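Residue-level listing of the chains:
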Protein chains: 2
Amino acid sequence: MTMENPEKISIFLSGWLWLKALPLKGLAKIGEIARQTKKIADDDPRRLIHSLKVGLALTLVSLFYYFQPLYNSFGVSAMWAVITVVVIFEFSVGATLGKGLNRGFATLAAGALGLGAHSLASATGKSSEPIIIGLFVFIQAVASTFIRFFPGVKARYDYGLLIFNLTFCVISISGLRTDEILELAQKRLLTVLIGASTCVIVSIFVYPVWAGEDLHKLVAKNIEKLGDFLEGFADECFRTSEDEKTCLVGLSSVLDSKSNVETLANFARWEPGHGQFMYRHPWNQYLRIANLTRQGACRVEALHCYLNSVTQAPQEIQAMISRTSSEAGKALKELARALETMTRPSCPNPDISNLKNASRNLNSLLKSDFWQEHTSLLQVLPVATVASLLNDTVISVEKIADAIEELSSLANFKGKENNGVEENKNNVSHVSIVIDGGQSSAQAD
Amino acid sequence: MTMENPEKISIFLSGWLWLKALPLKGLAKIGEIARQTKKIADDDPRRLIHSLKVGLALTLVSLFYYFQPLYNSFGVSAMWAVITVVVIFEFSVGATLGKGLNRGFATLAAGALGLGAHSLASATGKSSEPIIIGLFVFIQAVASTFIRFFPGVKARYDYGLLIFNLTFCVISISGLRTDEILELAQKRLLTVLIGASTCVIVSIFVYPVWAGEDLHKLVAKNIEKLGDFLEGFADECFRTSEDEKTCLVGLSSVLDSKSNVETLANFARWEPGHGQFMYRHPWNQYLRIANLTRQGACRVEALHCYLNSVTQAPQEIQAMISRTSSEAGKALKELARALETMTRPSCPNPDISNLKNASRNLNSLLKSDFWQEHTSLLQVLPVATVASLLNDTVISVEKIADAIEELSSLANFKGKENNGVEENKNNVSHVSIVIDGGQSSAQAD
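Just so you know, these numbers come straight off a predicted model, no measurement behind them.

1. Comments concerning the overall build of chain A
For chain A, the count of helices and strands is 17 helices and 0 strands. Residue burial in chain A is summarised as follows: out of 445 residues, 50% are buried. Surface accessibility of chain A: about 21,300 Å² in total, with carbon and sulfur atoms responsible for 62%.

2. Overview of the relation of the copies chain B and chain A
The transform that puts chain B on chain A rotates by 180° and translates by 0.0 Å along the axis, for an RMSD of 0.1 Å. In the structure described here, the two chain copies are related by an operation that fits a two-fold rotation axis. Across chain B, the rotation axis passes nearest the C-alpha of B:Thr385, at a separation of 2.4 Å. The share of interface residues of chain B whose copies in chain A are also at the interface is 100%, consistent with both copies meeting through the same surface.

3. Comments concerning the state of the cysteines
This model, assessed by the stated rule, comprises 1 disulfide over all chains. Linked covalently through their sulfurs, A:Cys298 and B:Cys298 form a disulfide whose S-S length is 2.1 Å. Of the two residues, A:Cys298 is situated in helix H12 (residues 283–304) and B:Cys298 in helix H12 (residues 283–304); the pairing between them involves two chains. For the residue pair A:Cys298 and B:Cys298, the accessibility class agrees, reading buried in each case. With no disulfide of its own, A:Cys199 lies closest to B:Cys169 among cysteine sulfurs, the gap being 12 Å.

4. With respect to the interface of chain B and chain A
As a measure of interface size, the accessible area lost when the parts come together is often cited. Counting residues at the interface gives 74 residues for chain B and 74 residues for chain A. For the chain B and chain A pair, buried surface summed over both sides reaches about 6,700 Å², with 74% attributable to carbon and sulfur atoms. A:Asp256 is the salt-bridge partner of B:Lys258, the closest N and O atoms lying 3.5 Å from each other. Counting across the chain B and chain A interface gives 4 residue pairs in polar contact (both at pLDDT 80 or more). No other element matches the 13 residues that helix H2 (residues 46–66) of chain B contributes to the side of chain B that touches chain A. Of the residues contributing to the side of chain B that touches chain A, the split by class is 46 nonpolar, 19 polar and 9 charged.

5. Things to note about helix H7 (residues 151–174) of chain B
An α-helix turns once per 3.6 residues; consequently, residues spaced three or four apart project the same way. For H7(B), which comprises 24 residues, the first-to-last C-alpha distance of 32 Å matches the rise-based estimate of 34 Å (1.5 Å per residue) to within 8%. Burial of H7(B) is extensive: 18 of the 24 residues sit out of reach of the surface.

6. Things to note about a nonpolar patch on the surface
A cluster of nonpolar side chains, contributed by A:Ile9, A:Phe12, A:Leu13, A:Trp16, A:Leu17, A:Trp18, A:Leu19 and A:Leu22, occupies part of the molecular surface with about 890 Å² of accessible area. By secondary structure assignment, the location of A:Leu13 is in helix H1 (residues 4–43).

7. Focus: the nonpolar core
By size, the foremost hydrophobic cluster in this structure holds 113 residues, and its most contacted members are A:Tyr286, A:Leu339 and B:Leu339. What A:Tyr286 contacts, discounting residues up to four positions off in sequence, is A:Leu215, A:His216, A:Val219, A:Phe277, A:His281, A:Leu339, A:Leu407 and A:Phe413. Among the nonpolar cores identified, the runner-up in size contains 76 residues, and A:Phe89, A:Phe164, A:Ile173 and B:Ile83 belong to it.

8. A short note on the domain arrangement of chain A
All names here are of chain A. One can read the domain layout of chain A as domain 1 (47–205) and domain 2 (211–415). Centre-to-centre, using C-alpha coordinates, domain 1 lies 47 Å away from domain 2. Domain 1 puts 11 residues into the contact, and the matching count from domain 2 is 7 residues. Summed over both partners, the interface of domain 1 with domain 2 buries about 800 Å², with 67% contributed by carbon and sulfur atoms. Between domain 1 and domain 2 we count 0 salt bridges in total. Where domain 1 packs against domain 2, one counts 1 residue pair in polar contact (both at pLDDT 80 or more).

9. Considering the layout of surface pockets
As a volume, the second largest pocket reaches approximately 970 Å³. Every residue lining the second largest pocket is counted, 35 residues in all, and those nearest its centre are A:Val76, A:Ser77, A:Trp80, B:Val76 and B:Ser77.

10. Looking at the packing of helix H11 (residues 258–268) of chain B against H12(B)
In a pair of packed helices, the angle between the axes and the distance between the axes together describe the arrangement. Residues and elements named next belong to chain B. At a minimum axis separation of 10 Å, H11 and H12 run at an interaxial angle of 175°. As the angle between them shows, H11 and H12 are arranged roughly antiparallel. Where H11 abuts H12, its residues Lys258, Val261, Glu262, Ala265 and Ala268 lie against Trp283, Leu287, Ala290 and Arg294. Of the residues in the contact of H11 with H12, the class split is 6 nonpolar, no polar and 3 charged.

11. A closer look at the pattern of salt bridges
Residues and elements named next belong to chain A. Under the defined criterion, the tally for this structure stands at 38 salt bridges over all chains. Close ionic contact of lysine 217 with glutamate 213 constitutes a salt bridge, the shortest N to O distance being 3.5 Å. One end of the pair is lysine 217 and the other is glutamate 213, both in helix H9 (residues 211–234) and 4 residues apart, which spans about a single turn. With a relative accessible area of 41%, lysine 217 lands in the partly exposed category. With its nearest N and O atoms 3.2 Å apart, the salt bridge here joins glutamate 262 to lysine 258. A residue pair is termed a helical-turn pair when its members lie 3 or 4 positions apart in one helix, as glutamate 262 and lysine 258 do in helix H11 (residues 258–268) at 4 residues. Under the relative-accessibility criterion, glutamate 262 is labelled partly exposed at 37%. Because the salt bridges share partners, they merge into one network encompassing Asp44, Arg46 and Asp214.

12. Regarding unusual backbone geometry
Here A:Tyr207, not a glycine, exhibits a phi torsion of approximately 40°, which is positive. Mapped onto the secondary structure, A:Tyr207 falls in the loop between helix H8 (181–205) and H9.

13. Considerations on the UniProt feature "transmembrane region" (unreviewed entry) in chain A
All names here are of chain A. With numbering aligned to this structure, UniProt lists the feature "transmembrane region" (unreviewed entry) at residues 48–67, 73–93, 131–150, 157–177 and 189–210. Regarding residues 48–67, the helix share stands at 95% and the strand share at 0%, and the terminal C-alpha atoms are separated by 29 Å. Counting secondary structure, residues 189–210 comes out at 77% helix and 0% strand; the distance between its end C-alpha atoms is 27 Å.

14. Quick word on the packing of aromatic side chains
The full count for this structure, using the stated rule, is 13 aromatic pairs over all chains. An angle of 85° between the planes, with centres 6.3 Å apart, marks the rings of A:Phe146 and A:Phe150 as edge-to-face. We note that A:Phe146, like A:Phe150, is buried. Through a chain of ring-to-ring contacts, three or more aromatic side chains come together here, namely A:Phe91, B:Phe146, B:Phe149 and B:Phe150.

15. Focus on the packing of helix H5 (residues 93–123) of chain B against H7(B)
All names here are of chain B. The interhelical angle for the contact between H5 and H7, taken along N-to-C directions, is 35°, at an axis separation of 7 Å. H5 and H7 meet at a crossing whose hand is right-handed. For the pair H5 and H7, the contacting residues are Lys99, Asn102, Arg103, Ala106, Thr107, Ala109, Ala110, Gly111, Leu113, Gly114, Leu115 and Ala117 in the first and Arg156, Tyr157, Tyr159, Gly160, Ile163, Phe164, Thr167, Phe168, Ile171 and Ser172 in the second. Partitioning the contact of H5 with H7 into residue classes produces 12 nonpolar, 7 polar and 3 charged.

Rules and cut-offs
- Residues numbered from 1 in each chain as written.
- Chains lettered and ligands numbered in written order.
- Predicted model: local features only at pLDDT ≥ 70, side-chain atom pairs only at ≥ 80, totals over all residues.
- Heavy atoms only, no water.
- Helix = DSSP H or I, 4+ residues; strand = E, 2+ residues; numbered from the N terminus.
- Buried < 20%, exposed > 50% of the residue type's maximum accessible area, 1.4 Å probe, protein only.
- Areas by Shrake-Rupley, 256 points an atom, 1.4 Å probe, with all protein chains shown as cover.
- Least-squares fit on C-alpha atoms with pLDDT ≥ 70 in both.
- Contact = heavy atoms within 4.5 Å.
- Disulfide = S-S within 2.5 Å.
- Buried area = accessible area lost by both parts, 1.4 Å probe.
- Salt bridge = Lys/Arg side-chain N within 4 Å of Asp/Glu carboxyl O.
- Polar contact = N/O pair within 3.5 Å; in protein donor to acceptor, adjacent residues only side chain to side chain.
- Nonpolar A, V, L, I, M, F, W, Y, C, P; charged D, E, K, R; others polar.
- Expected span 1.5 Å × (residues − 1).
- Patch = residues over 30% accessible without salt bridge, like charges linked within 9 Å, V, L, I, M, F, W, Y side chains within 5 Å.
- Core = buried A, V, L, I, M, F, W, Y, C linked by side-chain atoms within 4.5 Å.
- Domains from an automatic or database assignment.
- 1 Å grid on protein atoms, 1.4 Å probe; cavity = no way out; pocket = protein on both sides within 12 Å on 5 of 7 lines; lining within 4 Å.
- Points joined across faces, edges and corners; volume = space filled by probe spheres on them.
- Axes fitted to C-alpha atoms, helices over the stretch in contact; angles between N-to-C directions.
- Parallel < 35°, antiparallel > 145°, perpendicular 65-115°, else oblique.
- UniProt positions renumbered as here; feature names shortened; annotations may be inferred.
- Phe/Tyr/Trp six-rings, centres within 6.5 Å; stacked < 30°, edge-to-face > 60°.
- Left-handed = near helix turned anticlockwise from the far one by under 90°.

Structure follows, in C-alpha cells:
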C-alpha cells in the first residue's frame, strides 16, 4: 500500500495540473477561433454581409408567421416560407436566383402532377388508391433520380429535380389522408414563392454579390498571377525565396481554379444584366480563357523546375531568357488589365509584338554557333529546355490574347480611343516607336 | 394584291412543311434522349440501381403515412420522413451517411436550443416574446451562416449547419403559435431519424456504392492512364491518331480529377469499414498520391508538345527516349496494379530500378560527344527538351512509387509472398535476373 501512494499522488497531481490547464486551453481555443473568424471576415467582408442578409431575410419571412391575418390564411404552411429562405439563400445572386427559380417551377410542375396523380388514383376506388399512389411515387422517384445523372441537367436543374421529387411525394401522399389536397398544393406553392422572392429581393437589392462579376475578376486575376510569375522568373530569378513562395502559391491556385470557374459560370448564367454585364454575357468565352490560362500555368510550372539552372548559363543567354519571360509577363498583365477594365486590347497589340520579337531573338541566338564553345550537351540542356518551354509559353500567351480579343468583340468592350494616349505613355519606357494600329513595332531597349 | 399572293403562298408552304416536319423532329428528339439514357446507364449501371434504391426507400417510408397506427402517432409530421429520404439519399454510402448524421445531430441540437429559446422568450411575457424570438432567429441565422464559411466546417458539416438553422427557426417560430412545441420537436426528430435510417439501411444493404472504393479505383486508374500515355509515347510515338486522341482525353481527365478526388475522400471518411477497407483507412494518403499523379500528368502534357520532333532525332537517341518512356509507363502501370489489388509493391521495386537504369543511360548518352556532329542547337533543342522533361517524369514516377509504398504500410497491404512467382514470370520478358527483395537488379534487354 505504501508503494502505491507515490503513484496515487503523481496521478492526482497530473490530474490536477490537467484540470488547472483546462481554462487556459479553453481560452487558447477561443482565441484561435476568434483569429480564424477575423481572418475569414477580412479575406472577404462580403461573407459577413451575406450572413447578415440571411438573418434579415429570415426575420422578414418569420413576420408571416407572427402577424395574425397572414397566419390565418396560411396556417402551419407558412413555415414553408421560412424553410425556403434557409435552403435557397446562397452567396451570389446567380446561385440564389437559380435555386429560387428551380424551386418555384419544380413546385408548380410537381404540384400539378401530384394533383393529377391523386385524382387518377382516387377515381379507381378507395382500396386500390394507396397501391396506385405507391406505384406513381416509385416510378416518379426512379425517373427523377435518374434524370439528375444527365450532365446538362446536373449542371443547371439538379436542385429543381430534387424539389420536383419532394413536392410530388408530399402532395400525392398527402392525398391519402386529407381531402384538402388542392388547398395544400396552393399553399405550398404560394409560401415557396414568398420565401423565394424574399431571398431574391434581399439578394439583389442589399449589397448584391454577382457571380458574373466574381468570374470576370477571377479570370483576370489568374492571368495577372501568371504574368506576375513570369515577371518574377525574369527578375533575377526571384530575389527572395519569400517572393518565390508567394508566386508558387499563386500559380497552384491558378492550376486548381477549374471547378471554381465552372461553378461561377453556371451561376452567372442565371443572373440578369448588371453593371457592365448584360444578360447572356458570353460566359462561355470566360471558360475558354480560363482553360488557356491553366494550360499556360501548366507549362510555366514545368519551367519553374529549371529556375536554378538558368543562373549557370552565359550572361547573354540569361539576359535573353529574362527579356522574353519579362515581356511575356508584361503582355499577360496588360491583357489582365484590359479584361478587368473591359477595354478592347489594341490591335495589333504592342505588348504581343514585343513578346514575339523577344522570342524571335532568343531563337536566333540559339540557332547561332554561339553554342559551339560548350563541349557537353548536359551543360546546355537545362538552358535549352528553358528556352523551349518559354517558346511554348509565348504561344500560350498569344492564344490567351486571341481569346480575349474574341471576348472583347463578343461582349462589345469599349475601344481605347480615349485612353490611347495614356497607353502610349506607359509603353514609351520600353518601346522606342509604336505606331498605333500599324504593323511596325520597334525593338524594345 | 396580286403581288402579295406568291409571298403568302410561300409563307403558307414553309409553315406547312415546318408543321409536317414537327412529328419527325419530335421522334428524332425522343430517339436522342433514349440514346443518351442508354449511354448514361451503360457507363455506370449503378446509376440505374441507385434510382431504383431511391424509389424503394421512398415507397417504404410512405408506408408510414399510409398505415393507420403510424399516422395516428405522427400525423402530418410523418411527411418529414418522406422529405428526409428525398434530400438525404445520395449516390454513395459515405455521402448518404454524412448527410444523415449531419441532419440527425443538427435536428437534435437545434431542436433543444429552439425549445430553450422558446421557454426563455415566453418567460419574458406575451408582448415581448415575438421580439425576443425574432432577435434569437436573427443572431442564430447570422452565426450559423457565417460558420459555414470556415473551410474545415464547409468540407464536412455544411449540411448540418443548414439543417441546424432550419430546425431552430421552425421550432422557435412555431412556439409563437402553438403550445405543443415540445411534441413538435420530438416528432420532427423522430421522423427525421426514421427517414435517415431508412436511407442508410437501403444504401448499405442494397447494392452499396462505397465512395472509398471509388476513390481507390479512381486513383489507381489515373496512375494507369498516365502509364498508358507514356507507353503510347514510346510506342513509335503513337501508331494512329485515334489512339493518341484517346490517350490525350485520358490525360486531361487525370489533370481535371482534383475536385472529384477530394469529394470522394470527404465522403469516404464517413464510411464504416467495408471489404478490404477499414474504418479510418488512410484516405489522406490517396489525396497525396492523386496530387503527385496530377503533377506527373502536367509534365507529361508538356512532353506531348514535342511528340513530332522526336521522330527527327538520330535513331540511337530515339531508341533511348522510347526505352525510358516505356519503362516509366510500365513502372506506373505496375504501381497502379499493386494499388488496385492492394498488394505491397516489392522493395526495391524492379520496375523502378529498370526505369532508373534507362534514365541513367539516356543521360550518359547526352553527356557523350555524340552530339558534336550536329552543328545547330535548334536541331538538338526539341530532343534535349524531351530528354529533360522525361527526367522530370522519372522523378515524378519515383515519388508516386514512394507514396504508394507509404500507403501500403499505413494500410497494411498484403505482401507478395504468394504471387511472387507469377510476378517474376511477368517480368522475365524484359528483365534477365530479378532477385526478389535483394539489391541487385539486372539490365533490361
